[in-house]
Amino acid sequence: MSEKTDKTEQQRLSVFKTYKLYVGGKFPRSESGRVYEVTDSKGKWLANAPLSSRKDARDAVVAARKAFGGWSGATAYNRGQILYRVAEMLEGRKDQFVREVADAEGLSKSKAAAVVDAAIDRWVWYAGWTDKIAQVVGGGNPVAGPFFNLSTPEPTGVVTVLAPQESSFLGLVSVIAPVIATGNTVVVIASEKSPLPALSLGEVLATSDLPGGVVNVLSGRTAEIAAPLAAHQDVNAIDLAGADDALAKELEIAAADNLKRVVRPQAVDYSRTPGIERLTAFLETKTVWHPTGALGASGSSY
């Protein structure tokens, strides 16, 4: 019996994972039907990833715009709870992400585990900021006259993010989480060389409480997908974290057509605790004036 069992195990075929895009809360294959080979740091084949087309990019923008009203209208506290739930789900699938990050970035298991832990902690960190950022960048303004003058931050809208090319998971989380924490929706282009952690993140988001369309994950040739997104009239902002200098210049020119907000690429150590720059990068400030009533010599009429 033992020999038969061993023989059966030896004959068993491996079940390879099929990676798909994450758009509108669903897992479509690329509209083009194309895929490309993803290899590890030593050139060993890992999987076939979808090669997204311009149509996939446009579909992702439609999904992000559809989700924007509900997500931006949710309370900041609710968004924080949902981001924390994502961290919980990542914690439960940590082993999978450790393997994928180790393969993607050529790290040992222990170093990859440290990266994944840092990424989960980063989700928790941004979850805590959702209902606090308004207190930092908003508030009451002193004015001369019988008025309340209040400034409050509001999300910009649909944001395209070019994920960092080398930091396939921690860098990815560091550019997605602040965008959605402040009420924006996002279309993210995964690292071209190492897209698997990003595509697996889509599976986590789908099983968390995050509404479909808030985060949309595309994989493929960064320049090919980014060009139509930078020129898209319904995209409000773009983060060029994963673009080289030549591509960044080209995308900035395209983004200027509808006055998109642009975060230029810069050298970032994603292992360091981030500031609030990426939280504020995609916020607009709304200022409201409201009369308080007549103010006489004795003060307010209230």
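Anything mentioned here points back to the structure above.
Residues numbered from 1 in each chain as written. Predicted model: local features only at pLDDT ≥ 70, side-chain atom pairs only at ≥ 80, totals over all residues. Heavy atoms only, no water.

Participant: Is there a simple way to explain the overall build of the protein chain in this structure?
Facilitator: Helices and strands together make up the secondary structure of the protein chain, namely 11 helices and 12 strands. Seen through its C-alpha atoms, the protein chain measures out along the principal axes to roughly 100 × 45 × 35 Å. Relative to its 302 residues, the protein chain shows a buried fraction of 46%. Summarising the internal contacts of the protein chain: among those between residues at least 6 apart in sequence, 76% fall at separations of at least 24. Accessible surface, the protein chain: about 14900 Å² in total, of which carbon and sulfur atoms supply 53%. Separation between the mean location of the 33 positive side-chain charges and that of the 33 negative ones in the protein chain comes to 3 Å. (Helix = DSSP H or I, 4+ residues; strand = E, 2+ residues; numbered from the N terminus. Buried < 20%, exposed > 50% of the residue type's maximum accessible area, 1.4 Å probe, protein only. Contact = heavy atoms within 4.5 Å. Areas by Shrake-Rupley, 256 points an atom, 1.4 Å probe, with all protein chains shown as cover. Lys, Arg positive; Asp, Glu negative; His and termini not counted. Charge placed at Lys NZ, Arg CZ, Asp CG, Glu CD.)

Participant: Hey, could you run me through helix α9 (residues 222-231) in this one?
Facilitator: Counting along an α-helix, one turn takes 3.6 residues, and residues three or four places apart therefore face a common direction. Turning to α9, its buried residues number three or more, namely T222, I225, A226, P228, L229 and A230. Tucked into the core, α9 has its buried residues touching α2 (54-73), β5 (158-162), β6 (185-189), β7 (215-218), β8 (237-239) and α10 (245-255).

Participant: Where do I start with the packing of aromatic side chains in this structure?
Facilitator: Any aromatic ring pair is given by two values, namely how distant the centres are and how the planes are angled relative to each other. Inspection of every chain in the model, using the stated rule, returns 5 aromatic pairs. Positioned over the ring face of F68 is R65, at 5.7 Å from the centre of the ring. (Phe/Tyr/Trp six-rings, centres within 6.5 Å; stacked < 30°, edge-to-face > 60°. Lys NZ or Arg CZ within 6 Å of the ring centre and 35° of its normal.)

Participant: In this structure, what is going on with unusual backbone geometry? I would like to understand it.
Facilitator: Leave glycine aside and you will find that most residues have negative phi; peptide bonds, for their part, are mostly trans. The phi dihedral of L259 falls on the positive side, at around 60 degrees, and the residue is not glycine. If you trace the backbone, L259 turns up in the loop between α10 and β9 (261-263).

Participant: I'm lost on the environment of W71 in this one. Help?
Facilitator: If you trace the backbone, W71 turns up in helix α2. For W71, a relative accessible area of 1% translates into the label buried. Taking the C-alpha atoms as reference points, W71 and S208, 137 residues apart in sequence, are found 14 Å from one another. Contacts of W71, omitting those with residues within four sequence positions, involve R79, I82, L83, I180, G183, N184, T185, L210, P211 and V214. Only 2.9 Å separates the side chain of W71 from the backbone oxygen of I180, close enough to count as a polar contact. (Polar contact = N/O pair within 3.5 Å; in protein donor to acceptor, adjacent residues only side chain to side chain.)

Participant: Even after reading the chapter, I still don't get the environment of L259, so can you show me in this structure?
Facilitator: Overall, the relative accessible area of 76% leaves L259 in the exposed class. Distance in space between the C-alpha atoms of L259 and A237 is 8.4 Å, their sequence separation being 22 residues.

Participant: Would you take a moment to explain the packing of helix α5 (residues 109-129) against helix α7 (residues 170-181) for this structure?
Facilitator: When two helices pack together, their arrangement is given by the angle between the helix axes and the distance between those axes. Orientation of α5 relative to α7, taken along the N-to-C sense of each, is 10 degrees, at an axis distance of 9 Å. Judged by the angle between their axes, α5 and α7 are roughly parallel. Contacts between α5 and α7 involve V115, A118, A119, R122, W123 and Y126 from the first element and L170, V173, S174, I176, A177, P178, I180 and A181 from the second. A breakdown of the residues in the contact of α5 with α7 according to their chemical character gives 12 nonpolar, 1 polar and 1 charged. (Axes fitted to C-alpha atoms, helices over the stretch in contact; angles between N-to-C directions. Parallel < 35°, antiparallel > 145°, perpendicular 65-115°, else oblique. Nonpolar A, V, L, I, M, F, W, Y, C, P; charged D, E, K, R; others polar.)

Participant: For this particular structure, what's the right way to read the side chain of S208?
Facilitator: Topologically, S208 is positioned in the loop between α8 (196-206) and β7. At a separation of 2.8 Å, a polar atom in the side chain of S208 contacts the main-chain carbonyl oxygen of L205. Apart from residues no more than four positions distant in its own chain, S208 is found in contact with R85, V86 and M89.

Participant: Is there a simple way to think about the pattern of salt bridges in this case?
Facilitator: All told, the structure shown has 15 salt bridges when counted by the stated rule. Across the salt bridge formed by K17 and E203, the nearest N and O atoms sit 3.1 Å from each other. On the criterion of sequence distance, the pair formed by K17 in the loop between α1 (2-11) and β1 (35-39) and E203 in helix α8 is long-range, its members being 186 residues apart. By relative accessible area, which is 32% here, K17 ends up partly exposed. (Salt bridge = Lys/Arg side-chain N within 4 Å of Asp/Glu carboxyl O.)

Participant: Please clarify how the sheet that holds β8 should be interpreted in this entry.
Facilitator: Strands belonging to one sheet form pairs held by backbone hydrogen bonds; the direction of such a pair is parallel or antiparallel. In space, the 5 strands of this open sheet follow the order β7-β6-β5-β8-β9, with parallel pairing throughout. For this open sheet the edge positions go to β7 and β9, each flanked by a neighbour on one side alone. Strand-to-strand twist in this sheet, taken as the mean axis angle between neighbours without regard to direction, amounts to 15 degrees. Summarising the sheet, β8 and β9 pair through 3 bridges and their orientation is parallel. Bridged to I238 within β9 is V262. Running at roughly 155 degrees to β6, α2 makes contact with β5, β6 and β7 of the sheet. Strand contacts of α7: β5, β6, β7 and β8, with the helix running at about 160 degrees to β6, the strand carrying the most contacts. (Pairing = 2+ DSSP bridges.)

Participant: Where do I start with the pairing of β5 in this structure?
Facilitator: It is a general feature of regular strands that their side chains alternate between the two faces of the sheet. The buried count for β5 comes to 5 of 5 residues, which makes it a mostly enclosed element. Residues of β5 alternate between two faces, with V158, T160 and L162 on one and V159 and V161 on the opposite face, all of them buried. By the bridge criterion, 5 bridges tie β5 to β6 in an arrangement that is parallel. If you follow V159 over to β6, its bridge partner there is V186. Following the backbone out of β5, through α7 and into the adjacent parallel β6, one traces a crossover that is right-handed. The pairing of β5 with β8 spans 3 bridges and is parallel. Bridge pairing in β8 places T160 opposite I238. (Right-handed = clockwise from strand over helix to strand, strands pointing away.)

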